[in-house]
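Each chain, written out:
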Amino acid sequence: MARNWASKKAATFEESVIREMSRLCAASGGVNLAQGFPDFACPQELKDAAKAAIDDDVNQYAITWGAKAFRDGIAAKVAATYDGWTVDPETELCVTCGSTEAMIATLLATVDPGDEVIVFEPFYENYGPDAVLSGATPVYVTLHAPDWSIDEGELRAAFSDRTRAIIVNTPHNPTGKVFTRAELDLISELCQRHDALCLTDEIYEHIVYDVEHVPPATVPGLEDRTVTINALSKTYAVTGWRVGWSIAPAEITSSIRKVHDFLTVGAAAPLQAAGAAAMALPPSYYVEEAASYRERRDLLCSVLADAGFSFRVPDGAYYVLCETGDLDPGRDSSAYARRIVVDPGIAAVPGTSFYADPSMGAGQIRFAFPKKLETLHAAAERIAKL
Ligand code: GLN
């Protein structure tokens, strides 16, 4: 028998189902509401800046932890967006290959084998494998449907002296939950009591509907123990550029920078120049973006409700996590998603992908809506056939 070359770590998790659904969708010619990426153009300012950088021969490595103009831009945009939050671009920022690298680099830089990392469930697929790759043990805390609330007792019980960090994702993928100040205050209290870090993925920060996005780094008690992860990907519709960053106190940042350097050396230099242009976009860009997403959300939600799905309308991000109910009486969302991607040709992500125990998501499916209205109308025709 051939030898199995998989490492013990690699053997503990599977290929990403989110990315797999995109491939199945391409093969079947379906409409892709699975993987969360925009099908519309990015701002012209970013394209112009990227092209100009290549024409100017910005072809060699940027500074490992990020081109200065881009870091300065990120720091200025943070200060302009959130009262009282200042970031030192020289010591508190690390530019990475997308938020995916920012998260794994952060975990590798801050967590030791045997440490526990708290992850809210349902979760974005990457966090489990991220924890495993860093040697940590994930500890899951349920967000309870229908409003995805936290049970304070359960969260308190998850923290212990083994807890090294908690991963927060607000606005949250896949539920659309936006963490409230009260919830973040509780997380702050527990992180202080157990001397734990708050690792927060805020890639949907500007995609919120009628609620306030509170960055954990601005919550009293979390300022000195938070790593904020973000990227150009969602806010500027450039998921394939792979440009993200981490913001953290200088001491933590210096660990992240070292790990990042040996993982990837750096993100694409000409695209960091475009990132600087992105940071200079006016506030109206974000207002218009949120309004466009609201229109997409409302369209998809009404289509899904008409089809018989039940769900809580998301307060943020660009996903709707649905109960399949009578649409999938067998409650096997993995098989259901694989069936509907072929006929009627609509790709979504089975709920099983968002739980450590997949059976918890067997009656759920996630639809993404970062799409042109015409794409959502095409999806609507297919969803109506379910
Ligand atoms: N965040 C996106 C999703 O959940 C995908 C991100 C990715 O595939 N890297 O669909």
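Residues numbered from 1 in each chain as written. Predicted model: local features only at pLDDT ≥ 70, side-chain atom pairs only at ≥ 80, totals over all residues. Heavy atoms only, no water.

**Q** Got a minute to help me understand the overall build of the protein in this structure?
**A** Scanning the protein from terminus to terminus reveals 12 helices and 14 strands. Its C-alpha atoms give the protein a radius of gyration of 20 Å, within 12% of the compact-globule value 21 Å for 386 residues. Expressed as a percentage of the 386 residues in the protein, the buried residues total 55%. If you take every contact in the protein between residues at least 6 apart in sequence, the share linking residues at least 24 apart comes to 75%. (Helix = DSSP H or I, 4+ residues; strand = E, 2+ residues; numbered from the N terminus. Rg over C-alpha atoms; globule rule 2.2 N^0.38 Å. Buried < 20%, exposed > 50% of the residue type's maximum accessible area, 1.4 Å probe, protein only. Contact = heavy atoms within 4.5 Å.)

**Q** Sorry, what's going on with the pattern of salt bridges here?
**A** Enumeration over the complete set of coordinates arrives at 18 salt bridges. As a salt-bridge pair, aspartate 195 and arginine 225 come within 3.1 Å of each other at their nearest N and O atoms. Of the two residues, aspartate 195 is situated in the loop between helix H7 (181-193) and strand E7 (197-201) and arginine 225 in the loop between E7 and strand E8 (226-231); the sequence distance between them amounts to 30 residues. For arginine 225, a relative accessible area of 18% gives the class buried. When salt bridges with common partners are traced through the structure, they connect Lys68, Arg71, Asp72 and Glu90 into a single cluster. (Salt bridge = Lys/Arg side-chain N within 4 Å of Asp/Glu carboxyl O.)

**Q** What am I meant to see in the packing of helix H4 (residues 98-110) against helix H8 (residues 250-264) here?
**A** Any two packed helices are characterised by the angle at which their axes cross and by the distance between the axes. The geometry of H4 relative to H8 is characterised by a closest axis approach of 8 Å and an angle of 115° between their N-to-C directions. Viewed along their axes, H4 and H8 form a crossing whose handedness is right-handed. Residues Glu101, Ile104, Ala105, Thr106, Leu108, Ala109 and Thr110 of H4 form the contact with H8, whose own contacting residues are Ile252, Ser255, Ile256, Val259, His260, Leu263 and Thr264. Considering only residue class, the contact of H4 with H8 consists of eight nonpolar, five polar and one charged. (Axes fitted to C-alpha atoms, helices over the stretch in contact; angles between N-to-C directions. Left-handed = near helix turned anticlockwise from the far one by under 90°. Nonpolar A, V, L, I, M, F, W, Y, C, P; charged D, E, K, R; others polar.)

**Q** Is there a simple way to think about the site of the ligand in this case?
**A** Around the ligand, the neighbouring residues are Ile18, Arg19, Gln35, Gly36, Tyr124, Asn173, Tyr204, Lys234, Tyr319 and Arg366. Here a nitrogen atom of the ligand sits 3.3 Å away from a polar atom, N or O, in the side chain of tyrosine 124. Contact between the ligand and tyrosine 204: a nitrogen atom at 3.4 Å from a side-chain N or O atom of the residue. Its residues placed into classes, the shell around the ligand shows four nonpolar, three polar and three charged. (Near = heavy atom within 4 Å. Polar contact = N/O pair within 3.5 Å; in protein donor to acceptor, adjacent residues only side chain to side chain.)

**Q** Explain the packing of helix H10 (residues 283-307) against helix H12 (residues 373-383) to me, please; I cannot follow it from the model alone.
**A** Where H10 meets H12, the closest approach of the two axes is 10 Å, and the angle between their N-to-C directions is 5°. By the angle between their directions, the pair H10 and H12 is classed as roughly parallel. Here Glu295, Arg296, Leu299, Leu300, Val303, Leu304 and Ala307 of H10 lie close against H12, whose contacting residues are Leu373, Leu376, His377, Ala380 and Ile383. Residues that form the contact of H10 with H12 fall into these classes: nine nonpolar, one polar and two charged. (Parallel < 35°, antiparallel > 145°, perpendicular 65-115°, else oblique.)

**Q** Which parts of the structure should I look at to understand the nonpolar core?
**A** What tends to happen in soluble globular proteins is that the nonpolar side chains get buried as a cluster. Counting 88 residues, the largest nonpolar core has Phe120, Leu155, Ile166, Phe367 and Ile383 as the members making the most contacts within it. Non-local contacts of leucine 155, meaning those with residues more than four positions away in its chain, are made with Ile118, Phe120, Val141, Ile150, Ile166, Leu186, Ile187 and Leu190. In this structure, Cys42, Ala75, Val78 and Tyr286 belong to the second largest nonpolar core, which totals 29 residues. (Core = buried A, V, L, I, M, F, W, Y, C linked by side-chain atoms within 4.5 Å.)

**Q** Would you explain the side chain of arginine 296 in this entry?
**A** On the secondary structure map, arginine 296 appears in helix H10. Glutamate 289 provides the closest opposite charge to the buried, salt-bridge-free arginine 296, at an N-O distance of 6.5 Å. A polar contact is formed between the side chain of arginine 296 and the backbone oxygen of lysine 371, at a distance of 3.1 Å. Apart from the residues lying within four places of it in its own chain, the contact partners of arginine 296 are Phe40, Phe369, Lys371, Leu373 and Leu376. (Lys, Arg positive; Asp, Glu negative; His and termini not counted.)

**Q** Any chance you could explain the pairing of E7 here in plain terms?
**A** Regular strands have side chains that alternate between both faces of the sheet. Taken across its five residues, E7 has five buried, putting it largely inside the fold. By the alternation rule, side chains of E7 split into Leu197, Leu199 and Asp201 and Cys198 and Thr200, which are all buried. The pairing of strand E6 (residues 163-169) with E7 spans five bridges and is classified as parallel. Each residue of the ladder has a partner; that of isoleucine 167, found in E7, is leucine 199. Note that the unit made of E6, H7 and E7 has a crossover that is right-handed. The pairing of E7 with E8 spans four bridges and is classified as parallel. When the sheet's bridge partners are listed, threonine 200 is paired in E8 with threonine 228. (Pairing = 2+ DSSP bridges. Right-handed = clockwise from strand over helix to strand, strands pointing away.)

**Q** Explain helix H1 (residues 17-28) here, please?
**A** Taking 1.5 Å per residue as the helical rise, H1 with its 12 residues ought to reach 16 Å, and the 16 Å between its terminal C-alpha atoms agrees with that figure. Of all the residues in H1, the buried ones are Val17, Ile18, Glu20, Met21, Ser22 and Cys25. Residues of H1 that are buried in the fold lie against strand E1 (31-32), helix H11 (333-340), strand E12 (346-347), strand E13 (349-350) and strand E14 (364-368). Residue glycine 29 follows H1 closely and has a positive phi angle near 70°. (Expected span 1.5 Å × (residues − 1).)

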